[in-house]
Amino acid sequence: GGITGDTSSTSGDNSGTTGNDTTGNTTGGVDANCENAPADMACVPANTYEMGTDLNTFQGLQVFPNERPAHTVTITKAFWIDLTEVTVEDYAVCWALKVCKLPMQGPNLNWGVQGREKHPANGVTWYDAKQYCEWKGKRLPTEAEWELAARGTDGRMFAWGNDKPTCAHVVSNSCGGGDGTRAVGSKPLGDSPYGLHDMGGNVLEWCADYYKEDYYYESPEIDPKGPANSTVRSLRSSYFGFNPEDPLQLSTMRYGLSPVLADVSAAQIGFRCAQTPP
């Protein structure tokens, strides 16, 4: 099933695309906060980048109104962010300790399914994702942090560069091998400039922010954290039900959905955590 929530605006993008450079140095100078990043997290240095896009289309793919306009954003502090989406086996530890609530179960949901321990923990509400991250001493990333971690600073439109998505880049049912998610990190050609996996597929990922369709017209330039209130929360990335030919792997893509998954197939939703270095 496709996204059924508030996705009339379902993306975000970048006007300054710089060709297919997927190896450009997007990390700037050495940031002292990056020296002690845990092995399972990437460090994204403080930086300024162009968030969103002014494009209407990119490589023939539609860009949605909520991805516009392009605007300069400065993240003033380095942050750490999980290399992968939180897995079932990760989440199971929190659940076993009676800290986290049981994820939803059902078609394409990974909880309790043998052989899916390294798949994303999906069917987790925004509140449960927040609880897990806090239990780990972490937090959910802001939309601005997520997009910087996905795109770097070179204006690329996808995590891996500007090449159109293929089955080598993203997890998709249309690529064969059955329905649903794959083990995290199974598509390394789709990695972001900072080495993050699955920033354009597998599951949609919760962000900390409330969601507002036209937020980019009012977003502050420094450390934006989303609108003050809303009934929906922001999500980023893409999910396994989208074809690679869809515009939905764009790193500027944005969604707003019920934090309790009231308006969407829960199997589409997972998360990763971020952390401010101590």
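Refer to the structure presented above.
Residues numbered from 1 in each chain as written. Predicted model: local features only at pLDDT ≥ 70, side-chain atom pairs only at ≥ 80, totals over all residues. Heavy atoms only, no water.

J.: So what exactly am I meant to see when it comes to the side chain of aspartate 209 here?
T.: Position of aspartate 209 among the secondary structure elements: in strand S7 (residues 204–210). In this structure, aspartate 209 is buried with no salt-bridge partner, the nearest side chain bearing the opposite charge being arginine 254 at 6.8 Å. Here aspartate 209 is in contact with Pro141, Thr142, Glu143, Lys225, Gly226, Arg233 and Ser234, once residues within four sequence places are set aside. (Helix = DSSP H or I, 4+ residues; strand = E, 2+ residues; numbered from the N terminus. Buried < 20%, exposed > 50% of the residue type's maximum accessible area, 1.4 Å probe, protein only. Lys, Arg positive; Asp, Glu negative; His and termini not counted. Salt bridge = Lys/Arg side-chain N within 4 Å of Asp/Glu carboxyl O. Contact = heavy atoms within 4.5 Å.)

J.: What am I meant to see in the packing of helix H1 (residues 88–96) against helix H2 (residues 126–135) here?
T.: When two helices pack together, their arrangement is given by the angle between the helix axes and the distance between those axes. One way to put it is that H1 packs onto H2 with a least axis distance of 11 Å and a crossing angle of 80 degrees. Classified by the angle between their axes, H1 and H2 sit roughly perpendicular to one another. Packed against H1, whose contacting residues are Asp90, Tyr91, Val93 and Cys94, the element H2 presents Asp128, Tyr132 and Trp135 at the interface. Looking at side-chain class alone, the contact of H1 with H2 contains five nonpolar, no polar and two charged residues. (Axes fitted to C-alpha atoms, helices over the stretch in contact; angles between N-to-C directions. Parallel < 35°, antiparallel > 145°, perpendicular 65-115°, else oblique. Nonpolar A, V, L, I, M, F, W, Y, C, P; charged D, E, K, R; others polar.)

J.: Honestly, the packing of aromatic side chains in this entry has me stumped. Any pointers?
T.: To describe a pair of aromatic rings, you give the distance between the ring centres and the angle between the ring planes. A complete count under the given rule lists 10 aromatic pairs for this structure. Pairing tryptophan 126 with tyrosine 127 gives two aromatic rings, centres 5.2 Å apart and planes at 90 degrees, and the pair type is edge-to-face. Taking the relative accessible area as the measure of exposure, tryptophan 126 reaches 5% and is therefore buried. Seen from their ring centres, phenylalanine 158 and tryptophan 160 are 5.1 Å apart, and the 0 degrees between their planes marks the pair as stacked. Directly above the ring of tryptophan 126 sits arginine 233, whose terminal nitrogen or CZ lies 3.7 Å from the centroid. Arginine 233 extends its terminal NZ or CZ atom over the ring of tyrosine 210, reaching a point 3.7 Å from the ring centre. (Phe/Tyr/Trp six-rings, centres within 6.5 Å; stacked < 30°, edge-to-face > 60°. Lys NZ or Arg CZ within 6 Å of the ring centre and 35° of its normal.)

J.: Can you help me understand the sheet that holds strand S1 (residues 41–44) in this one?
T.: Working definition: the strands of a sheet are paired by backbone hydrogen bonds and lie parallel or antiparallel to each other. Here three strands make up an open sheet; going across it, the order is S1-S6-S11 and the pairing antiparallel. Taken across any chain shown, the strands that pair with only one partner, and hence form the sheet edges, are S1 and strand S11 (274–275). Where S1 and strand S6 (residues 79–82) come together, four bridges link them in antiparallel fashion. Looking across to S6, one finds that cysteine 43 is bridged to tryptophan 80. Docked against the sheet, helix H3 (residues 143–151) engages S1, S6 and S11, running at close to 75 degrees with respect to S6. (Pairing = 2+ DSSP bridges.)

J.: How should I be thinking about the nonpolar core in this particular structure?
T.: The tendency in soluble globular proteins is for nonpolar side chains to be buried as a group. Core analysis: the biggest nonpolar cluster contains 33 residues, and Tyr91, Tyr132, Trp206, Ile269 and Phe271 have the highest contact counts within it. Counting residues per element, this core draws most heavily on H2, at four residues. Among residues more than four places away in sequence, those in contact with isoleucine 269 are Ala121, Asn122, Gly123, Val124, Val203, Leu204, Trp206, Leu235, Leu257, Leu261 and Val264. In this structure, Leu148, Met157, Tyr194 and Tyr216 belong to the second largest nonpolar core, which totals 30 residues. (Core = buried A, V, L, I, M, F, W, Y, C linked by side-chain atoms within 4.5 Å.)

J.: What am I meant to see in the sheet that holds S7 here?
T.: Across the sheet, which stays open at both edges, the four strands sit in the order S9-S8-S7-S10 with mixed pairing between neighbours. The open sheet has two free edges, formed respectively by strand S9 (255–257) and strand S10 (269–270), since each of these has just one partner strand. When S7 meets S10, the two strands line up parallel, connected through two bridges. Across the sheet, the residue bridging to glutamate 205 is glycine 270, located in S10.

J.: Honestly, the state of the cysteines in this entry has me stumped. Any pointers?
T.: A disulfide bridge is the covalent bond that connects two cysteines by way of their sulfur atoms. Per the counting criterion, the structure on display carries four disulfides. The disulfide bridge from cysteine 34 ends at cysteine 43, spanning 2.0 Å between sulfur atoms. On the sign convention where negative means left-handed, the S-S torsion of about -65 degrees between cysteine 34 and cysteine 43 marks this disulfide as left-handed. Owing to a relative accessible area of 14%, cysteine 43 belongs among the buried residues under this scheme. Here cysteine 94 pairs with cysteine 100 through a disulfide, and the sulfurs are 1.9 Å apart. For the disulfide bridge between cysteine 94 and cysteine 100, the dihedral angle about the S-S bond is near 75 degrees, and by the sign convention the bridge is right-handed. (Disulfide = S-S within 2.5 Å.)

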